[in-house]
Amino acid sequence: MTNRIYNFSAGPAIMPTPVLERAQRELLSVDGCGMSVMEISHRSKRFEAILDRAENGIRDLLSVPDNYRILFLQGGATMQFSMVPINFLREGTTADYVITGAWGEKALVEARKAGTVNVVYSSANSGYRSVPDPDELSFTRDAAYIHYTSNETIEGVEFKYELDGGGIPVVCDASSNILSKRFEIDRYALIYAGAQKNIGPSGVTVVMIRDDMLERCPGGLHSLLDYRKFAENSSMPNTPNTWGIYLIGLVCEWIKSNGGVGEFERRNIEKAAILYNAIDSSDGFYSGHADRAVRSLMNVTFRLPNENLDIEFCEQAAAIGLDGLRGHRSLGGIRASIYNAFPREGVEALVQFMRDFAERKG
Ligand code: PMP
C-alpha cells in the first residue's frame with residue numbers, strides 16, 4: 001500500500017483507511033455485480049440497498065428517532081444555509097441566529113436574503129472565541145426557528161451543550177462534529193452536516209429533519225429546494241451522489257465496528273487533550289485561539305509568536321508527513337483537524353514535532 005501521511009485537513013479530510021481499502025476492493029464490482037457503484041442505476045434494487053445501509057447506519061449510530069427523516073442532499077452545507085430559511089422563514093416571522101464563527105455568519109447572510117433575522121448572540125467583535133451560556137440567550141417569541149453551529153470549523157469553537165429552544169424549532173449546522181460525539185437528535189427540528197469531515201466524501205450533505213417540519217414547507221417551492229420532495233422520494237427527486245452515499249454506508253459500518261459514537265467521543269476527548277496540553281505547556285510559544293471551556297475536539301486552532309513562524313512550522317511539519325496544518329485563510333495560524341478517522345499516533349507525532357520546533361525556535 002502507498003504510504004499514508006498524517007492529514008490534518010479540515011475538509012475534505014482524512015477518511016478511515018479500512019473504508020478506502022474496501023472501496024478500492026469493491027470499485028470495479030460492487031456486491032459482485034460486475035459494475036462499479038458509480039455505474040449502477042440509482043433506481044436499482046442494488047442501489048436501494050446501498051442507500052438503506054447509509055441511512056440505517058446513521059439512524060443506528062445516532063439513535064435517530066422514527067419521526068425523523070434522514071435525507072442525502074447535494075450543494076454542501078452551504079446549500080442548507082439557503083434551504084433552511086427558504087423552507088421555514090415565512091413572511092411575518094423571524095429566525096434567530098446564534099453566531100459563534102465564520103460559518104454561522106455565512107448562514108446568516110443567506111437567511112437575510114429570505115426574510116427577517118434576529119442575531120441573538122455574536123462573538124464577532126471578540127474574534128469568535130466563545131459560545132454563549134444558555135442563560136445569556138433570549139429568543140424571539142414565536143421565532144420560526146433558531147439556527148446555530150455546533151462546531152465552528154475555522155475558529156475551533158465548539159458548544160459543549162445542546163441548545164434548548166424552549167419549544168422553538170432548533171436548527172443546527174453540525175458539519176464538523178457530527179458523529180464525533182453523542183447528539184440527542186430529538187432536541188433538533190433539523191440538523192445538517194456536509195459529509196466531508198466525519199461522514200464521507202464531499203458532495204453529499206446529511207439532513208435529519210423532524211416530520212412536523214416537513215409539513216411547514218410551503219407549496220410551490222422549486223423541487224430541489226424543497227425538503228418534502230427529498231423526503232417523498234427517498235432522497236432521490238433527481239440523481240443523488242451515489243458514490244458519496246455508498247461511502248457514508250461504509251464509514252458508518254466502520255464506526256460501528258470500532259465501538260460506535262460513544263467510543264469515538266472517548267477517543268476524541270483523549271486526542272484533543274494531548275494537543276491542548278502541548279499548547280498549554282509551551283510557556284506561551286503556542287497560544288490557543290478558542291476560550292478554554294469551548295475548545296473544539298475536532299479543530300484545534302493555535303498560533304505561534306509570529307506569522308513567519310506559523311509558515312515555517314507548517315512547511316517543516318509537511319516535510320515530515322504532517323500535512324494540512326495551515327489555518328483557514330481568514331484566520332491564519334495553525335489548525336489541526338482531528339476527526340474520527342484521524343489516529344492518535346498522528347496527534348502524538350504532531351506534539352513531538354511541536355516540542356522540537358519550540359525548542360529550536362523558542
Ligand atoms: N458549515 C461548517 C461548520 C463547515 O465547516 C463548512 C465547511 N467547512 C460548511 C458549513 C460549508 O460546507 P460546504 O463546503 O460543504 O458547503
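Conventions we followed
- Residues numbered from 1 in each chain as written.
- Predicted model: local features only at pLDDT ≥ 70, side-chain atom pairs only at ≥ 80, totals over all residues.
- Heavy atoms only, no water.
- Helix = DSSP H or I, 4+ residues; strand = E, 2+ residues; numbered from the N terminus.
- Buried < 20%, exposed > 50% of the residue type's maximum accessible area, 1.4 Å probe, protein only.
- Contact = heavy atoms within 4.5 Å.
- Polar contact = N/O pair within 3.5 Å; in protein donor to acceptor, adjacent residues only side chain to side chain.
- Pairing = 2+ DSSP bridges.
- Axes fitted to C-alpha atoms, helices over the stretch in contact; angles between N-to-C directions.
- Near = heavy atom within 4 Å.
- Areas by Shrake-Rupley, 256 points an atom, 1.4 Å probe, with all protein chains shown as cover.
- Nonpolar A, V, L, I, M, F, W, Y, C, P; charged D, E, K, R; others polar.

Undergrad: Explanation requested: the environment of histidine 147 in the structure shown.
TA: Along the chain, the position of histidine 147 falls in strand S5 (residues 145-149). In this structure histidine 147 comes out as buried when scored by relative accessible area, which is 1%. With 96 residues separating them along the chain, histidine 147 and tryptophan 243 place their C-alpha atoms 30 Å apart. When near neighbours in sequence (up to four residues on either side) are disregarded, histidine 147 contacts Asp96, Tyr97, Val98, Ala107, Val171, Asp173 and Tyr192. Engagement of the side chain of histidine 147 in a polar contact is seen with the side chain of tyrosine 192, the distance being 2.7 Å.

Undergrad: Mind showing me how you'd approach the sheet that holds strand S3 (residues 94-99) here?
TA: Within a sheet, adjacent strands bond to each other through the backbone by hydrogen bonds, running parallel or antiparallel. One open sheet accounts for 7 strands, arranged S2-S10-S9-S8-S5-S3-S4; its pairing is mixed. The sheet is open, and its two edges are formed by strand S2 (68-73) and strand S4 (116-122), each paired on a single side. Adjacent strand axes in the sheet meet at a mean angle of 15° when their direction is disregarded. The sheet contact formed by S3 and S4 spans 6 bridges and is parallel. Each bridged residue has a counterpart across the sheet, and for tyrosine 97 the counterpart in S4 is valine 119.

Undergrad: Teacher, can you tell me more about the site of the ligand here?
TA: Near the ligand you find 13 residues, and of these Thr78, Thr153, Asp173, Gln196 and Lys197 are the closest. Between threonine 153 and the ligand, the recorded distance is 2.4 Å, taken from a side-chain N or O atom to an oxygen atom. In the model, a nitrogen atom of the ligand is placed 2.6 Å from a nitrogen or oxygen of the aspartate 173 side chain. For the ligand, whose free accessible area comes to 390 Å², the fraction covered by protein is 85%. No other element matches the 4 residues that helix H3 (residues 76-88) contributes to the shell around the ligand. Of the residues that constitute the shell around the ligand, the class distribution is 3 nonpolar, 8 polar and 2 charged.

Undergrad: For this particular structure, what's the right way to read the side chain of threonine 205?
TA: For threonine 205, the location among the structural elements is in strand S10 (residues 205-210). For threonine 205, a relative accessible area of 0% puts it in the buried group. There is a polar contact of 3.2 Å between the side chain of threonine 205 and the backbone oxygen of glycine 76.

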